[in-house]
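These are the residues of each chain, in order.
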Amino acid sequence: MELTIETITKLTGGKMLQTGSSTTFQGVASLDEAQKTDISFLGNEKYYNDYLATEAGIVLVPPIVDTYPEGVGIVEVENPSLAFGEVMKKLAADSRPFTAGIHPSAIIAEDVTLDPSKVSIKAGVIIESGAFIGDHTEIGPGAVIGENVKIGDACLIYANVTIRENCQLGNRVILQPGCVIGADGYGYEFVDGKHLKIDQVGIVTIADDVEIGANSTIDRARFGKTSIGEGTKIDNLVQIAHNVKIGKHCLVVAQTGIAGSAEFGDYVTCAAQSGIAGHLKVGDKATLMGRTGVMKSLDGDQVYWGLPARPAKEEQKKQAALSRLPSLIKEVKSIRQKLDKID
Amino acid sequence: MELTIETITKLTGGKMLQTGSSTTFQGVASLDEAQKTDISFLGNEKYYNDYLATEAGIVLVPPIVDTYPEGVGIVEVENPSLAFGEVMKKLAADSRPFTAGIHPSAIIAEDVTLDPSKVSIKAGVIIESGAFIGDHTEIGPGAVIGENVKIGDACLIYANVTIRENCQLGNRVILQPGCVIGADGYGYEFVDGKHLKIDQVGIVTIADDVEIGANSTIDRARFGKTSIGEGTKIDNLVQIAHNVKIGKHCLVVAQTGIAGSAEFGDYVTCAAQSGIAGHLKVGDKATLMGRTGVMKSLDGDQVYWGLPARPAKEEQKKQAALSRLPSLIKEVKSIRQKLDKID
Amino acid sequence: MELTIETITKLTGGKMLQTGSSTTFQGVASLDEAQKTDISFLGNEKYYNDYLATEAGIVLVPPIVDTYPEGVGIVEVENPSLAFGEVMKKLAADSRPFTAGIHPSAIIAEDVTLDPSKVSIKAGVIIESGAFIGDHTEIGPGAVIGENVKIGDACLIYANVTIRENCQLGNRVILQPGCVIGADGYGYEFVDGKHLKIDQVGIVTIADDVEIGANSTIDRARFGKTSIGEGTKIDNLVQIAHNVKIGKHCLVVAQTGIAGSAEFGDYVTCAAQSGIAGHLKVGDKATLMGRTGVMKSLDGDQVYWGLPARPAKEEQKKQAALSRLPSLIKEVKSIRQKLDKID
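Here the structure is a predicted model, which means the values were calculated and not measured.

Quick notes on the rules
Residue indices follow the written sequence of each chain, beginning from 1 at its first position. Lettering of chains starts at A and numbering of ligands starts at 1, both following the order in which they are written. Totals for whole chains, interfaces and linings use all residues, but because this is a predicted model, local features are given only for residues with pLDDT of at least 70 and pairs of side-chain atoms are given and counted only at 80 or more. Side-chain descriptors were evaluated using all non-hydrogen atoms of the structure, hydrogens and water having been removed beforehand. Going along the chain from the N terminus, every DSSP run of H or I of four or more residues is numbered as a helix, and every run of E of two or more is numbered as a strand. Relative accessibility decides the category of a residue: with a 1.4 Å probe and only protein chains considered, values under 20% of the type maximum give buried, values over 50% give exposed, and everything between is partly exposed. Shrake-Rupley sampling with a 1.4 Å probe provides the accessible areas, and residues are treated as covered by the protein chains on show and by no other component. When charges are tallied, Lys and Arg are placed among the positive residues and Asp and Glu among the negative ones, while His and the ends of the chain are skipped. One atom stands in for each charge, and that atom is NZ of Lys, CZ of Arg, CG of Asp or CD of Glu. Strand pairing is defined by DSSP finding a minimum of two bridges between the two strands. The directions considered for the arc are those from the helix axis to the C-beta atoms. Working rule for helices: expected span equals 1.5 Å times residues minus one. Contacts: residue pairs with any heavy atoms within 4.5 Å of one another.

Caption draft 1: Broad picture of the overall build of chain A. When its secondary structure is counted, chain A shows 5 helices and 37 strands. Over its C-alpha atoms, taken along the principal directions, chain A stretches across nearly 95 × 75 × 25 Å. In chain A, which comprises 343 residues, the share counted as buried stands at 56%. Surface accessibility of chain A: about 13,800 Å² in total, with carbon and sulfur atoms responsible for 50%. Distance from the positive charge centre (34 side chains) to the negative charge centre (43 side chains) of chain A: 9 Å.

Below you can see the structure in the form of structure tokens.
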């Protein structure tokens, strides 16, 4: 899908101030990463220098701006970030056209609730008894939807996904291929030399606008639910254990693992390969840098790093001190010798 | 499934000493984690304080105990841990009723050995030539069972699992969705600037009562077998390489990786995100704390932590010393200055 | 498949100098790891001591060698490493005989390009519109091949693999079960308190002779392509993000994660559980030891370790210094006391 500056102006209700050197646009990007076929926006004055140097094809700007970089298309709008969201939705909606229909090879239990004229069920899909599929939802080839699973509207479930019994998805949820929702949590009691399995009878609930990456696993709760909050985006190969609660609009990057009953507030960012121990809390807007290992609860609104996690600045100091350790050992030896001489 | 105190008393052959404030019970838990609908047990005097403070609905106690916390149902039994095991089996058996039958969409090669009246084969299952499926085993939707695979009795193979050719499972094995048993081990010879693949002609053997988590991968041996011992429980997204031997009743928590030909004794506990290098041994009852990296063989009966792994107490001392490093650097600087003055 | 010394001599165009104690051979291994049914080779004089002590069944040797260990079959060839490659190819070709045919349960869109007499499509495979499948390629049960995917000749796609739309594979590519090629990259713009999805409209290209492990995930590019170079071998549970470029003949071991737009040169070796941050470069023939965390670009031809990555020898010194830290703290305390006394 390609947009012209005219389409973008109309879509955003804006005013075209300058045409640039590109004529069609197909992507979106931040000002510093945008290329000439990308649309970007100036949402905050702190990015003004990025704006002046941008290579974007089009930038959406607020009325206050009166300098326009050469060769860049400029569209003035009241609220650039909102307008930019409209552009993104437009591009996304058209990138993967939805076509209703049920492939004849799909195996759908008799009592499944869905409107055949409004869902898209691909080849080899299996939907078990009691499930509910919302309108405009697409289920990809080979996906397995367990008993009594509820999937909202406009979801996109890719190939070979597994959703086990009773789990619940909101609207506009995207599950990338191979991810597993609702496997049993890892729970055993040690009795007479054996690990006896503790039934995992809870579910997973996934709120609106969540995306979950390829081959990630989200375990069902022992009782109650494991829950992923609205707008949270989870990357590939992430493990989320039973009874975890993730807040709204969090980012959980690849290969992170979150142990049982841990809780994230809203807007937590968790970079790749991090690990969070069980039964603790990470506050709103906390940021974990890559491979952080969280061993006790953390306040929000701070950046953390290291194993065990500490404020990133402290960890960076520790790292710097560490690199001076070999020379410190020599210095102490030299001091000792001098002292012995004095003595 | 819900049990009453009467059912539990009968099931355990015990004596009801006190009814509690709850009337039905559906879960099991340790004394300190139990809630009012849970059944727990006092198996060891060291948990006596937990017993006095428990919020469990019912506790199974030994005859020696004569104090009964208010509001908690008390059932006296000869051996609480054994009796507790009986309760767990009862709850587990009823949580997922087994219904024999083969879905018409399943594709089963002609020479597969199974008793259609005693197995449960779900929609879209594929079972290749020469396989054997034991009685009371359930195979979930979309699972693929390779040539000559042998699966014992009462196993539970979830959706979209892959078991490649010739691998062997004991009885009561549980494979969570998406796990892969018997992929090729990672083995190449470097010849004239290219990595040439070394055939991986061995198998994987999985003993009785093993459980393997969602999207975990257990590679087949180069020759011989990769083996997982009786009662071992493996969590999600775990990687077990070719020719690894895991002993009995081990716990291997999420996102751990075990490299080729490593060996675990029995009752090893390996917390999440650990890594074990190839060709080394971890002794019986060793415990690896989270994200431990094992680079040489470790004796059993100890707790380890860190990269490289060392006894946990040493690692904790190292961590404590590390946090004092920045002030140590200042102290040495101050000493040097004083010394120079004296000098 | 088993070979005799006569077959091996004929296959390599060599000269049989000594028959050993074994009569049939089925595997290949390096001199120090080979067992009596293995074939090995002496390709470099630095392995001469391994040669003298080898337990291999047969060794391919160059004409210059005139000592033959007792009990080992010896075949003289002009170029042992090349000849060894021939043996490996022979063993590999025979280990998994290719049988053309399309299982009737496979669902193949009408406009897919393939020669039914030259491909092997197993049960439950789904191939979507516009795909191309090369000759002598096998696609395993339950695999899903997306729209317009192009797969070259002699590839081996195992069970339950997912390849999403438009991705391209060269010849002789092996994909182990459950791996996912072409899931969406992890990209969002933060607009008005929400993470809006950035369309990922690029593809993944996988060159000739690449192998990818079970349940690994390789994301499609935002624009353009994520690319894996010729002969590169990727282990299980590896995450490769959007727009990553991996060079030729690299090794990427299990549970490693490579973030967006990172680039590897050729012959990079990356041991297990490593992590590479986005937008940086790792030079040709660099080696990353286990669990290395790369936070800035690295030159080639060096060995690295640690988080953040530094030359392995420096990291080892740091580790050694660290283990002396507790005693260093005591020493400084003792120096201070002495100094105070002097003072």
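Caption draft 2: Seen up close, the pairing of strand S18 (residues 180-183) of chain C. Residues and elements named next belong to chain C. Sheet topology places strand S15 (residues 162-163) next to S18; 2 bridges connect them, and they run parallel. Each bridged residue has a counterpart across the sheet, and for Ile163 the counterpart in S18 is Ile181. The sheet contact formed by S18 and strand S23 (residues 217-219) spans 3 bridges and is parallel. Its bridge partner lying in S23, Ile181 is registered against Ile218.

Caption draft 3: Layout of helix H1 (residues 5-12) of chain A. Residues and elements named next belong to chain A. By the burial criterion, the buried members of H1 are Ile5, Ile8, Thr9 and Thr12. The arc enclosing the buried residues of H1, seen along the axis, measures out at 100°, which places them on a common side. Downstream of H1 by one or two residues, Gly13 has phi in the positive range, about 65°.

Caption draft 4: Focus on helix H5 (residues 325-342) of chain B. For H5(B), with 18 residues, the first-to-last C-alpha span of 26 Å sits near the 26 Å given by 1.5 Å per residue. Of the residues making up H5(B), those classed as buried are Leu325(B), Leu328(B), Ile329(B), Val332(B), Ile335(B), Arg336(B) and Leu339(B). Buried residues of H5(B), seen end-on, are gathered within an arc of 120° and therefore sit on one face of the element. Seen from the open side of H5(B), the exposed residues pointing more than 90 degrees away from its buried face are Lys330(B), Lys333(B) and Lys341(B). On its buried face, H5(B) is in contact with helix H4 (312-323) and helix H5 (325-342) of chain A, helix H4 (312-323) of chain B together with helix H5 (325-342) of chain C.

Caption draft 5: Local environment of unusual backbone geometry. Note the cis peptide between Leu307(B) and Pro308(B), where omega equals -5°. Tracing the sequence through the fold places Pro308(B) in the loop between strand S38 (303-305) and strand S39 (310-311). Phi is positive for Asn166(A), close to 75°, though the residue is something other than glycine. Judged by its relative accessible area of 30%, Asn166(A) falls in the partly exposed class. The phi dihedral of Ala154(B) falls on the positive side, at around 55°, and the residue is not glycine. Note that Ala154(B) resides in the loop between strand S15 (150-151) and strand S16 (156-157). On the accessibility criterion, Ala154(B) (36% relative accessible area) is partly exposed.

Caption draft 6: Geometry of the sheet that holds strand S20 (residues 180-183) of chain B. Residues and elements named next belong to chain B. What the 10 strands build is an open sheet, ordered S9-S11-S14-S17-S20-S25-S28-S31-S34-S37; its pairing is parallel. Two strands bound the open sheet, and with one partner strand each, they are strand S9 (107-108) and strand S37 (293-294). In this sheet, strand S17 (residues 162-163) lies alongside strand S14 (residues 144-145) in parallel orientation, the contact comprising 2 bridges. Bridge pairing in S17 places Val144 opposite Thr162.

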